[in-house]
Amino acid sequence: MGMREYITRRIIYALIILALSTVLLFGMVRLLPGDPIRAAMQQNVDLTDESIVQEVRARYGLDKPVHIQFVLWLRDFVKGDWGTSLSSGEPVWDMFLRRLPVTLLLFVGATFWAWVIGIPLGIFSALNRNSYLDASFTGISIVGISIPVFWEAILLIYALAVIIKIFPPSGYVPFFTSPWQNFMCIVLPTFVMGTQSAGSFSRYIRSSLLEVLGQDYIRTARAKGLREKAVVWKHAAKPALIPVVTVIGLSWGHLIAGSFIVEFMFAIPGLGRMGVDAVFARDFPVLQATLILVVINVLFANLLVDILYGYLDPRVRVQK
Amino acid sequence: MTTATMEGTEPRRLSQVGFKAIVRALLKHKLSRVGLVIIVLLFSMAIFAPVLAPYHPNEQDLYSVLQGPTKKHWLGTDNVGRDLLSRVIYGARLSMSVGVVATAFSATIGVIVGLIAGYKGGWIDQIIMRITDTFMVIPGLVFVLVMASALGPGIKNVVIAIILFTWPGFARIIRGQVLSVRELPYVEAARASGSSGLRIMFKHLLPNSLAPVIVASALSLGAAVGIEAGAAFLGVGVQPPTASWGKALRTGYSYLERVPLFSIAPGLLITAAVLSFTLVGDGLRDALDPRLRGEGKKIK
Amino acid sequence: MKPLLEVKNLHTHFLTDDGLVKAVGGISYDLHEGETLGLVGESGCGKSVSALSILRLIPNPPGKVVEGEVFFEGRDLMKVSEDEIREVRGNKIAMIFQEPMTSLNPVLTIGYQIAEPLTLHKGLSKEESWKEAGELLTKVQIPEAAARLRAYPHLFSGGMRQRVMIAMGLGCNPKLIIADEPTTALDVTIQAQLLELMKGLTRDFGTALIIITHNLGVVARYADRVNVMYAGRIVEKGSAKEIYGDPRHPYTIGLMASVPRLDMDVKKKLIPIEGQPPDLLHIPAGCAFRPRCNYAVEKCQEVIPELTTLADKHEVACWVDVRRN
């Protein structure tokens with residue numbers, strides 16, 4: 001079958017990229033000009049006292065050469081010791097654990113919107129090709145792809161939280177405090193996060209389905225005497241949707257960018273918010289951990305797509 | 001953010017389309033035409049900003065702060081009494097130039113690197129591709145934020161960040177094209193007749209890759225404009241007092257209930273800019289995609 | 001006896017971005033039960049389109065059968081309802097397509113694809129239909145048939161896939177099989193095997209067969225009757241023997257001269273037909289073959305020649321009696 005070899009290959013590949021991007025991000029955070037410690041301490045410490053600065057640098061391991069710093073940091077990171085936040089003093093690992101469920105919830109919600117809107121839109125567009133329906137769905141999808149996340153958020157907040165007060169304009173209530181309020185809190189943010197994916201899904205599914213419908217084997221299916229419905233759902237849907245898996249995976253990986261802005265705007269205490277705050281506070285231990293998480297998330301999504309693809313498409317299974 | 005727009009810019013058998021065919025396809029496709037018109041309008045706005053804007057963008061009218069539309073200020077004023085219309089018109093300069101500069105650089109870098117990877121193949125190709133993979137797993141906006149936190153805020157750093165995360169897309173497209181064109185008879189013939197590698201790359205491989213590069217450029221322009229606005233919105237982009245849509249939107253957001261136009265006007269323009277580039281890129285891709293072309297018309 | 005299939009004045013047009021293409025411009029022919037008909041011509045002459053038109057498989061847009069009747073078992077297939085034509089497709093009339101590599105669905109198993117028409121038209125259960133699918137695979141001489149039902153098409157070679165297509169076509173014991181260039185994409189040796197197989201099976205089942213091909217060798221060996229098509233029209237009709245031994249249309253003569261034949265003097269040169277195949281967007285007035293014809297007279301420029309009967313069933317559409325020259 002070769003499936004195991006295929007998966008092993010993909011995992012090794014993902015690990016290589018993870019290693020490279022870790023180095024890249026570590027380098028960007030540490031090597032670029034500007035002293036994070038000085039920047040972080042600016043407000044509350046007398047920077048003219050070199051000894052204090054040196055002491056803090058030593059505590060964060062910044063007095064060693066960069067490659068040693070990297071090795072030490074990597075060792076600790078793998079052990080689950082992600083350092084402590086410069087601004088709050090809290091262990092980054094604890095911050096991560098507390099915020100992960102919030103962001104995951106947003107991701108799931110955004111994916112839900114993207115599927116529920118994007119997939120039907122794409123399918124109807126393709127099946128009613130060149131009709132007014134197709135044209136308007138295409139228009140909607142492209143607007144969805146193009147509309148900036150923050151702008152869409154503002155519009156929705158203004159319309160559905162300020163003018164018509166249905167949803168809270170911002171804030172977050174944990175699920176276990178109040179499931180209903182939790183739900184109301186995440187409707188707008190997840191919709192905003194999912195919009196762009198919905199647009200890309202719709203566009204991608206449309207062209208994928210159209211391509212498949214033009215294939216010879218669809219003509220074969222029609223020549224068998226199948227109803228058009230059976231032709232579409234039994235013969236066209238699967239080959240058309242297999243490549244869409246790639247787009248779904250890609251968009252999951254990139255939802256994180258949306259979550260940075262959305263969590264910032266809706267004041268949701270998730271990982272995106274943690275990243276944005278870390279940028280402004282120049283809180284490099286937090287920033288570094290967030291960035292690695294972003295990359296792991298993207299790579300994990302890609303890996304999952306590759307594996308899923310292998311299972312779905314019989315042609316991939318035999319390839320080496 | 002707008003990074004997802006880059007999805008699917010990988011070559012879908014778009015090769016061997018001449019420049020004329022591209023222009024024709026662009027004009028024939030309805031949505032692309034709409035996009036083109038908006039793009040022309042936005043660029044005119046950027047170029048003729050001093051002529052079009054009723055006030056200097058930084059001129060403050062402290063007696064009228066946070067006003068709605070008036071005869072004097074058609075779109076009203078911002079929180080320090082600057083004319084919103086003028087700010088918005090001047091904002092086009094920033095957005096358009098960021099888009100053009102970033103895309104020009106990243107396309108050039110990407111095309112060169114992609115040509116080398118595709119033409120040389122072997123371990124050079126492997127290394128280059130792994131590098132592009134590495135850059136591509138970091139979402140664009142996150143990249144901008146990291147750059148800003150490392151280098152400090154500012155428009156230059158935003159542009160550098162945009163270039164850093166968009167060039168790999170171009171490199172991959174070109175490489176894919178080169179791989180598919182490399183084995184074509186006429187390229188083989190050129191190689192057999194002793195043409196140098198460089199000559200083959202520029203004379204034969206590059207023209208064949210024109211269509212996908214143009215599609216990707218359009219999409220990347222849109223992405224760049226969106227990212228710039230996003231960075232400005234988060235406060236790490238352009239610094240005051242330069243007029244910027246993203247910046248205006250951020251400030252306007254604080255006064256959303258009082259002066260809705262303060263955020264609506266810049267927001268609409270950002271959307272229009274990103275939308276127009278996406279329309280052109282997307283429309284062009286569809287129009288040039290042989291799988292979706294030539295469907296003919298219905299016979300009644 | 002009444003013919004199984006009567007095609008009468010069939011016209012199929014395509015409306016492309018470049019203009020109207022009259023792919024089939026009025027063709028008529030009959031086919032009797034158990035008979036094998038060869039439809040011959042260069043690519044783009046409308047032979048495939050005319051076959052697809054019979055089953056209303058021309059996608060609109062861009063194409064449509066704009067005129068004509070196709071009588072099959074007493075009904076005009078162009079007029080029956082969508083449900084009725086579906087009952088005919090794959091059941092009474094099966095098609096075997098040109099590209100074995102792309103005509104099978106890559107994500108469905110061979111077994112499913114062969115069993116599908118059986119459940120659809122014969123009302124078999126899943127188990128029954130899979131069992132029969134296995135038997136069909138054995139009939140088309142695929143070894144270890146039962147085990148291969150669960151395989152996907154990409155594991156099969158081109159020849160094997162075409163056998164699968166044949167099995168799929170035979171499943172419901174159709175009255176007529178239309179094979180559209182069934183062997184063109186395959187190696188010569190495999191072509192011969194498959195044609196023998198197909199001919200043998202249709203003979204056993206008493207199935208009528210339309211072979212669409214540009215290969216005159218195939219026609220000579222397997223067809224009872226031959227229609228030669230040019231630019232969407234039939235230019236010559238006759239028994240295989242007549243077309244071979246006594247071709248009357250300049251185009252048929254040209255075709256004969258352009259292929260090697262076993263019964264031909266080896267020293268004789270092959271003569272290709274001069275000029276380009278017709279551009280269906282701009283068919284000239286008069287006879288479409290005129291620009292390439294060595295026998296053309298003035299009348300050919302003005303009036304399209306209709307088919308006229310020479311002998312019993314030998315018809316030709318030409319203003320010139322080529323035997324006199």
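Residues numbered from 1 in each chain as written. Chains lettered and ligands numbered in written order. Predicted model: local features only at pLDDT ≥ 70, side-chain atom pairs only at ≥ 80, totals over all residues. Heavy atoms only, no water.

1. Looking at the overall build of chain C
Next up, step 1: Across its full length, chain C carries 10 helices and 12 strands.
Next up, step 2: In summary, chain C has a C-alpha radius of gyration of 20 Å against a globular reference of 20 Å for 325 residues, a match within 12%.
Next up, step 3: Structurally, chain C occupies a C-alpha span of about 65 × 50 × 45 Å along its principal axes.
Next up, step 4: Classification of the 325 residues of chain C by burial places 54% in the buried group.
Next up, step 5: By element, 52% of the accessible surface of chain C is carried by carbon and sulfur atoms, the whole surface being about 14500 Å².
Next up, step 6: In chain C, the 38 positive side-chain charges and the 41 negative ones have mean positions that sit 2 Å from each other. (Helix = DSSP H or I, 4+ residues; strand = E, 2+ residues; numbered from the N terminus. Rg over C-alpha atoms; globule rule 2.2 N^0.38 Å. Buried < 20%, exposed > 50% of the residue type's maximum accessible area, 1.4 Å probe, protein only. Areas by Shrake-Rupley, 256 points an atom, 1.4 Å probe, with all protein chains shown as cover. Lys, Arg positive; Asp, Glu negative; His and termini not counted. Charge placed at Lys NZ, Arg CZ, Asp CG, Glu CD.)

2. A closer look at the overall build of chain B
Next up, step 1: Tallying secondary structure elements over chain B gives 12 helices and 0 strands in all.
Next up, step 2: Scored against the burial criterion, the 300 residues of chain B give a buried share of 58%.
Next up, step 3: Within chain B, counting contacts between residues at least 6 apart in sequence, those at least 24 apart form 73% of the total.
Next up, step 4: Total accessible area computed for chain B in this model is approximately 12000 Å², and 66% of it derives from carbon and sulfur atoms. (Contact = heavy atoms within 4.5 Å.)

3. A look at the pattern of salt bridges
Next up, step 1: Scanning all chains against the criterion turns up 24 salt bridges over all chains.
Next up, step 2: For the salt bridge of K8 of chain C with E6 of chain C, the shortest nitrogen-to-oxygen distance reads 3.8 Å.
Next up, step 3: Notably, a salt bridge pairs R75 of chain C with E84 of chain C, separated by 3.3 Å at the nearest N-O pair.
Next up, step 4: Among the residues examined, R75 of chain C registers a relative accessible area of 29% and is labelled partly exposed.
Next up, step 5: On the basis of relative accessibility, which here comes to 32%, the residue E84 of chain C falls in the partly exposed class.
Next up, step 6: Here the salt bridges share partners, and the residues they tie into one network are R227 of chain A together with D83 and R86 of chain C. (Salt bridge = Lys/Arg side-chain N within 4 Å of Asp/Glu carboxyl O.)

4. Regarding the nonpolar core
Next up, step 1: Within the largest apolar cluster, 133 residues are counted, with the highest numbers of intra-cluster contacts made by F150, F260, M265 and F266 of chain A together with F143, I162 and W245 of chain B.
Next up, step 2: At 13 residues, helix 10 (residues 210-234) of chain B tops the list of elements feeding residues into this core.
Next up, step 3: If you look at the next biggest cluster of nonpolar residues, it comprises 97 residues, including L137, M168, I212 and L216 of chain C. (Core = buried A, V, L, I, M, F, W, Y, C linked by side-chain atoms within 4.5 Å.)

5. Some thoughts on the sheet that holds strand 6 (residues 93-96) of chain C
Residues and elements named next belong to chain C.
Next up, step 1: In space, the 8 strands of this open sheet follow the order 6-7-8-3-9-10-12-11, with mixed pairing throughout. This sheet does not close on itself; its edge strands, each paired only once, are strand 6 and strand 11 (308-309).
Next up, step 2: Pairing analysis gives 4 bridges linking strand 6 to strand 7 (residues 176-180), with the strands arranged parallel. Note on strand 7: the bridge partner recorded for I93 is L176. (Pairing = 2+ DSSP bridges.)

6. A few points about a nonpolar patch on the surface
All names here are of chain B.
Next up, step 1: A contiguous nonpolar patch, built from I47, F48, V51 and L52 and spanning about 420 Å² of accessible area, is present on the exposed surface.
Next up, step 2: Note on placement: V51 falls in helix 3 (residues 49-52).
Next up, step 3: Accessibility expressed as a relative area gives 68% for V51, which makes it exposed. (Patch = residues over 30% accessible without salt bridge, like charges linked within 9 Å, V, L, I, M, F, W, Y side chains within 5 Å.)

7. Here's the deal with the interface of chain B and chain A
Next up, step 1: Each partner contributes to the interface: chain B provides 53 residues, whereas chain A provides 54 residues.
Next up, step 2: In total, chain B and chain A occlude about 4900 Å² of area from one another, counting both sides; carbon and sulfur atoms represent 75% of this.
Next up, step 3: There are 1 salt bridge connecting chain B and chain A.
Next up, step 4: Salt-bridge contacts for D282 of chain B lead to R203 of chain A; the nearest nitrogen and oxygen are separated by 2.3 Å.
Next up, step 5: Elements with a contribution of two residues or more to the side of chain B that touches chain A: helix 5 (122-136), helix 6 (140-151), helix 10, helix 11 (245-254) and helix 12 (260-288) of chain B.
Next up, step 6: The leading source of residues in the side of chain B that touches chain A is helix 12 of chain B, at 13 residues.
Next up, step 7: Its residues assigned to classes, the side of chain B that touches chain A comprises 31 nonpolar, 11 polar and 11 charged. (Buried area = accessible area lost by both parts, 1.4 Å probe. Nonpolar A, V, L, I, M, F, W, Y, C, P; charged D, E, K, R; others polar.)

8. Some words on unusual backbone geometry
Next up, step 1: In this structure, A267 of chain A is a non-glycine residue whose phi angle is positive, near 50°.
Next up, step 2: Relative accessible area serves as the criterion here: at 37%, A267 of chain A is assigned to the partly exposed category.
Next up, step 3: Positive phi is not limited to glycine here, since R56 of chain C has a value of about 55°.
Next up, step 4: As for its placement among the helices and strands, R56 of chain C is situated in the loop between helix 1 (47-54) and strand 4 (63-72).

9. What to know about the sheet that holds strand 2 (residues 19-31) of chain C
All names here are of chain C.
Next up, step 1: One open sheet holds the 4 strands; their spatial order is 2-1-4-5, and the pairing between them is antiparallel. This sheet does not close on itself; its edge strands, each paired only once, are strand 2 and strand 5 (75-76).
Next up, step 2: Sheet analysis places strand 4 next to strand 5, joined by 2 bridges and oriented antiparallel. Paired with F71 across the two strands is D76, which belongs to strand 5.
Next up, step 3: Its contacts with the sheet put helix 1 on strand 1 (5-16), strand 2 and strand 4, and the angle it makes with strand 1 is roughly 110°. (Axes fitted to C-alpha atoms, helices over the stretch in contact; angles between N-to-C directions.)

10. Some words on the pairing of strand 7 of chain C
Two faces, one strand: in a regular strand the side chains alternate between the faces of the sheet.
Residues and elements named next belong to chain C.
Next up, step 1: The buried fraction of strand 7 amounts to 5 of the 5 residues, a majority that puts the element mostly inside the structure.
Next up, step 2: Residues L176, I178 and D180 line one face of strand 7 and the alternating positions I177 and A179 line the opposite face, and both faces are buried.
Next up, step 3: Of the pairings in the sheet, the one linking strand 7 to strand 8 (residues 208-213) comprises 5 bridges and is parallel in character. In the sheet register, A179 faces strand 8, and the bridge partner there is I211.

11. Remarks on the confidence of the model for chain B
Next up, step 1: Summing up the model confidence of chain B, the mean pLDDT is 79 and the portion of residues at 70 or higher is 90%.
Next up, step 2: Note on residues 1-16 of chain B: pLDDT is under 50 here. Beyond four places in sequence and across chains, it has 64 contacts. (pLDDT = per-residue confidence, 0-100.)

12. With respect to the packing of aromatic side chains
Residue and element names in this part refer to chain A.
Next up, step 1: Summed over all chains, the structure comprises 19 aromatic pairs over all chains.
Next up, step 2: Ring geometry for W93 and F96: centres 5.5 Å apart, planes at 45°, overall tilted. Within this pair, W93 and its partner F96 are both found in helix 5 (residues 92-127), separated by 3 residues, close to a single helical turn.
Next up, step 3: Counting every residue linked through ring pairs, the aromatic cluster contains F26, F70, W73, F77, W82, W93 and F96. (Phe/Tyr/Trp six-rings, centres within 6.5 Å; stacked < 30°, edge-to-face > 60°.)

13. Here we look at the pairing of strand 4 of chain C
Next up, step 1: Pairing between strand 1 of chain C and strand 4 of chain C: 8 bridges, direction antiparallel. Directly across from K8 of chain C, in strand 4 of chain C, lies its bridge partner E69 of chain C.

14. Regarding helix 11 of chain B
Next up, step 1: Of the residues making up helix 11 of chain B, those classed as buried are W245, G246, A248, L249 and G252 of chain B. Buried residues in helix 11 of chain B, looked at end-on, bunch into an arc of 160°, giving them a common side.
Next up, step 2: Buried positions along helix 11 of chain B lie against helix 7 (149-163) of chain A together with helix 2 (30-47), helix 4 (84-120), helix 10 and helix 12 of chain B.
Next up, step 3: A side-chain oxygen of the first residue of helix 11 of chain B lies 3.3 Å from the backbone nitrogen of G246 of chain B; this N-cap is S244 of chain B. (Arc of directions from axis to C-beta. Polar contact = N/O pair within 3.5 Å; in protein donor to acceptor, adjacent residues only side chain to side chain.)

15. Quick notes on the packing of helix 8 (residues 179-213) of chain A against helix 11 (residues 244-265) of chain A
Axis angle and axis distance: for two packed helices, these are the angle between their axes and the distance between the axes, and together they describe the pair.
Residue and element names in this part refer to chain A.
Next up, step 1: It is at 9 Å that the axes of helix 8 and helix 11 come closest, and there the two elements cross at 155°. Taken together, the axis directions place helix 8 and helix 11 in an arrangement best described as roughly antiparallel. Considering how the two elements wind past one another, helix 8 and helix 11 form a crossing that is right-handed. Contacts between helix 8 and helix 11 pair P189, V192, M193, S197, S200, F201, Y204, I205 and S208 from the former with V244, V247, I248, S251, L255, G258, S259 and V262 from the latter. (Parallel < 35°, antiparallel > 145°, perpendicular 65-115°, else oblique. Left-handed = near helix turned anticlockwise from the far one by under 90°.)

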